[in-house]
Amino acid sequence: MTFKKIRFITDSTADIPESLLEKHQITVVPVFVNYDGSSFADDEKELHREAYYNKLQNIRPFPTTSAMPPSLCEKAIMQVAEECDHIFIVTVSAKLSGVYNAFRLAAQKLPSDRYTLIDSLSTTTGLGWPVVIGAETAERTGDVQQVIDAITRVRDATRVYAALGTLEFLHRSGRVGWAAAGIGTLLQIKPILKVEDGEVKSLAKVRTFSRAVDELINAAHAHAPLDRLVVLYGIDIEGAYAIKERLKDIAPPDQTFIVRINPAIGTHIGPNGLGVVPVSASWKS
Amino acid sequence: MITRQVFRDNANMMADGYLVKQLFGAGLQWLEHNRDTVNRLNVFPVPDGDTGTNMHLTMRSAYLEIAQLEETHVGKLSHAIAEGALKGARGNSGVILSQIFAGTAKALEQHERITAQAFAEACKLSVEYAYKAVEKPVEGTILTVSRHMAMAVEKNYQQNADLIVLLKRMVFAGRAALRRTPEMMPLLKKAGVVDSGGQGLVYIFEGMLRALCGKDLSAPLLEVEVPEKAESWEDALVPEDELGYGYDVQFLMRGSELNIDQVRRDIQAMGWSTLVVGDNKLIKVHVHVHNPGEPLNYAIQSGAALDDIVVENMQRQYEDYVQTRQIQNKAAAPRTDIQGVAVIAVANGDGLRRVFSEQFNAAHVISGGQTMNPSIGDFQNAISALPNEDIILLPNNKNILLAAKQAAEHAGSGKRVHVVPSYFIPQGIAAMFEYANLCDSGDCELHEVAEAMTSALSHITTCELTYATRDVDLGNVRIEAGQIIGLINDNLVTAGDDMALVAADLLAKANVDRHERITVYFGSDSSQRETEKLVEHLQALHPKLEFEIVDGGQALYPYIISVE
């Protein structure tokens, strides 16, 4: 079997740390955030995430997010195709976004044996980790099937959990279903969300943010020992470091990253939200 | 405070005036504690839900008469009790009770101490007086219960000259007679209750027994008489007289040469449920009439001085009673759509009830709380009304915990019932969050849920603001009845006359700045607007905390505040 040169394309919701993108030569196509009558690419140039979160509270009407046009996907695919034998395109869950479909349409320009299109059934580093570990596997084996196996196993071993500082942003964005019946009740709640089977669901509802963070810790512990870990934040970087500290016993420090969450999720859960994305070490066995 | 040892020593040689006074106080206290239960049983002669209140007022009036008395002569003390009871007698049951004490006083007149024999004689004469108080004695009432209690003493006093033993026999006989009252009076059976006056009498002696045995008088009763399930209590209570239930008229006549037999005959001719008791100087009149003017005019024209006049519209009380019970029953309809583990919670106030039932899917919310403790029977009825096999009880009050535990232990076959020992509403709500998190999908395991709910109880601090019901000495701080008091987990920590100041001090003492979220449940006596003003004030003092206002609608507590 010949060793194939394999490259990865994903979307900007994957939240892969910059250092890993460079190391594995991963191509990222940005999704778009729409507000103030314009559309901004989530690429840290048109849209700077930190600045965006700082002003999110005051943006009226409330921003929306959208998939990139297929033409942008096509451009990326064609460019990468020239440098490799096989392309892996891994996207945010098709149930959450039109990104998968945009890539599906764009990829039809290539012969079907030149690429593999995979729905991560997740988002943020629930998408990012399968991509990174898939890339590592590709570099080691050069084998398409082994990469598919690795991505599938990592996908099953990775979970996304997010704690919301407030329900306000879910409310305003209209994604209230994510908190499942948590809105319009007599007592305010702080939901903890999880991504499961490609959808955002409610994991638990608590009364205080500190309890919500405790739930994140508990959720991460349920997957211990961890192979990798990402702690997600919007603007509360201190909160993110505190979570990292509390999980240091179950996650290898050199495989733990603190990442600012993408606006496709952050817009809905609000800038003060925090999250964890643990990868259970069980994917290796 | 009397130690158990002193009681024992005294009990062995029977009682002197000092002990009688303590026992009487204990009877009053226990009746007071169970007053609302007695009120709820009240369907005869008029379903106006006030028997417990009336008996309590009568007992209290009697106790006030002896409270300051340093009297150890039993005869003299009994006389004072009888006089106080007569003066304060309220309603049918109150008047009968006053006659029970009058009979006791008569029998004990010459006794410095109560001996077993004197006690038996007193019981016997009390019953005679009680029966004479009523024109046409009806069985299945307080009269029946008092007679059986007296008979138990009569049967036992020669073999057992010990006050504890005799009181025990008395209380057991009273309970047994009480259980049979629905068989004797069809109205009770149809309404699904035991006789209220009889229950009140049992509570009084039960309180004495509990004091003698050194038991806590603030704890709820373990052996509540469970009323049979009513079939059509509404129909049973419709007045036979098409004019309705009429008016309840009560007054005292004072004079020097009153002719009680004449007064009794004249009053009896005016109405029904007549009670005329007393002597030639003081007569207590109680009568039900359609025209309250008639007995009042009669009394004034007789030349006697009138005192303590009470006129109550019984038709309206009856209508209120029916409405209240209907609303309670309606609100209390259990939900049968809950899969898996079901929760039965206790709460009072519409808002709090809705939090439990609507937000958290409690299958059933029993009305109750600090002043209205649901009985074991209430829990048992709720348990058997649910289709679920696995049930969790959430008492939300320390005084209700025991009843919940008893109900859980004696749950019918096929039911597994756990009690999550919540002492306060906020604890109950914290527990419900766990319940919702585990059970919203319908797939959960009883032990696991109960454990998670129980562990949530400690995450919450409960602050309460209410009014002092009596004067209290707290070290060097004196709190007067009516002042605002602040409690943290049931401990009194602050008091004052200004709600905002007391509330601020309460939160400071609860160390709220170490926490994150304050929820203010305002009660039926507070408004949304004044609560918002209060919270604005508190928010300014604690800018980092999240405040939330919820309309709880609870009675007695203007504010229940959870700190988490």
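A. Summary view of the overall build of chain B. Counting secondary structure elements, chain B contains 22 helices and 16 strands. Taken across its 564 residues, chain B has 56% of its residues classed as buried. Contacts in chain B between residues at least 24 apart in sequence constitute 71% of all its contacts with a sequence separation of at least 6. For chain B, the computed accessible surface area is about 24600 Å², with 48% contributed by carbon and sulfur atoms.

B. Representation of the packing of helix H4 (residues 51-67) of chain B against helix H11 (residues 196-212) of chain B in the model. All names here are of chain B. At a minimum axis distance of 9 Å, the contact between H4 and H11 shows a crossing angle of 40°. Here H4 is positioned oblique relative to H11, judged by the angle of their axes. Taken as a pair, H4 and H11 cross one another with a handedness that is right-handed. Residues Thr51, Met55 and Met59 of H4 touch H11, and the partners they reach there are Ser196, Gly197, Gly200, Leu201 and Ile204. Residues of the contact of H4 with H11, tallied by class, amount to four nonpolar, four polar and no charged.

C. Just the state of the cysteines, in detail. Residue and element names in this part refer to chain B. Applying the stated rule across the entire model yields one disulfide over all chains. Bridging Cys439 to Cys444, the disulfide has an S-S length of 2.4 Å. Looking along the S-S bond of the Cys439-Cys444 disulfide, the torsion reads about 110°, which is the right-handed sense. Of the two residues, Cys439 and Cys444, both sit in the buried class.

D. Summary view of the interface of chain A and chain B. Contacts between chain A and chain B engage 14 residues on the former and 19 residues on the latter. In total, about 1500 Å² of surface goes out of reach between chain A and chain B, with carbon and sulfur atoms giving 48% of it. In terms of surface lost to chain B, no three residues of chain A exceed Leu186, Leu187 and Arg207 of chain A, which account for 47% of the buried area on that side. Run the count over chain A and chain B and you get four salt bridges. Put simply, the parts of the chain that give the side of chain A that touches chain B at least two residues each are strand E10 (199-206) and helix H8 (209-221) of chain A. Here the side of chain A that touches chain B is built from residues that sort into six nonpolar, four polar and four charged.

E. Local environment of the pairing of strand E14 (residues 517-522) of chain B. Residue and element names in this part refer to chain B. For E14, the tally of buried residues reaches six of six residues, placing the bulk of the element in the interior. Residue alternation in E14 divides its side chains into two sets, Arg517, Thr519 and Tyr521 and Ile518, Val520 and Phe522, and both sets are buried. Direction of pairing for E14 relative to strand E15 (residues 546-551): parallel, over a ladder of six bridges. For Thr519, the partnering residue across the bridge sits in E15 and is Glu548. In this sheet, strand E16 (residues 559-563) lies alongside E14 in antiparallel orientation, the contact comprising five bridges. By the bridge assignment for E16, Phe522 is matched with Tyr559.

F. Fine view of the confidence of the model for chain B. All names here are of chain B. The predicted model of chain B averages 85 in pLDDT, with 90% of residues at 70 or higher. Contacts of residues 1-12 to residues separated by more than four positions or lying in other chains number 19 contacts, the stretch itself having pLDDT below 50. Low pLDDT (under 50) marks residues 220-232, which in the prediction has 35 contacts with non-local residues, meaning those over four places away or in another chain. Across the interface, the model reports ipTM at 0.77; the global pTM reads 0.61.

G. The arrangement of the side chain of Glu206 of chain B in detail. Along the chain, Glu206 of chain B turns up in helix H11. There is a polar contact of 2.7 Å between the side chain of Glu206 of chain B and the side chain of Arg175 of chain B.

H. Examining H8 of chain A more closely. Residue and element names in this part refer to chain A. For H8, with 13 residues, the first-to-last C-alpha span of 18 Å sits near the 18 Å given by 1.5 Å per residue. For H8, the complete set of buried residues consists of Phe209, Ala212, Val213, Glu215, Leu216, Ile217, Ala219 and Ala220. Packed against the buried residues of H8 are strand E8 (160-163), strand E9 (190-196), E10, strand E11 (226-233), helix H9 (237-246) and strand E13 (274-280).

I. Seen up close, the sheet that holds strand E5 (residues 64-66) of chain A. Residue and element names in this part refer to chain A. The strand order E4-E3-E5 describes an open sheet built from three strands, whose pairing is antiparallel. At either end of the open sheet lies a strand with only one pairing partner, and these are strand E4 (38-41) and E5. Neighbour-to-neighbour, the strand axes of this sheet turn through a mean angle of 30°, independent of strand direction.

J. Highlighting the sheet that holds strand E2 (residues 27-29) of chain A. Residue and element names in this part refer to chain A. Taking strand neighbours across the sheet as the criterion, the four strands line up as E2-E1-E6-E7 in an open arrangement whose pairing is parallel. Strand pairing shows two members of the sheet lacking a second neighbour, E2 and strand E7 (115-119), which therefore form its edges. Averaged over all pairs of adjacent strands, the angle between their axes in this sheet comes to 20°, without regard to strand direction. In the sheet, strand E1 (residues 6-11) pairs with strand E6 (residues 86-91) via four bridges, with the strands oriented parallel. By the bridge assignment, Phe8 is partnered in E6 with Phe88. Contacting E1, E2, E6 and E7, helix H4 (residues 99-107) crosses the sheet at an angle of about 165° to E7.

Calculation rules
- Residues numbered from 1 in each chain as written.
- Chains lettered and ligands numbered in written order.
- Predicted model: local features only at pLDDT ≥ 70, side-chain atom pairs only at ≥ 80, totals over all residues.
- Heavy atoms only, no water.
- Helix = DSSP H or I, 4+ residues; strand = E, 2+ residues; numbered from the N terminus.
- Buried < 20%, exposed > 50% of the residue type's maximum accessible area, 1.4 Å probe, protein only.
- Contact = heavy atoms within 4.5 Å.
- Areas by Shrake-Rupley, 256 points an atom, 1.4 Å probe, with all protein chains shown as cover.
- Axes fitted to C-alpha atoms, helices over the stretch in contact; angles between N-to-C directions.
- Parallel < 35°, antiparallel > 145°, perpendicular 65-115°, else oblique.
- Left-handed = near helix turned anticlockwise from the far one by under 90°.
- Nonpolar A, V, L, I, M, F, W, Y, C, P; charged D, E, K, R; others polar.
- Disulfide = S-S within 2.5 Å.
- Buried area = accessible area lost by both parts, 1.4 Å probe.
- Salt bridge = Lys/Arg side-chain N within 4 Å of Asp/Glu carboxyl O.
- Pairing = 2+ DSSP bridges.
- pLDDT = per-residue confidence, 0-100.
- Polar contact = N/O pair within 3.5 Å; in protein donor to acceptor, adjacent residues only side chain to side chain.
- Expected span 1.5 Å × (residues − 1).

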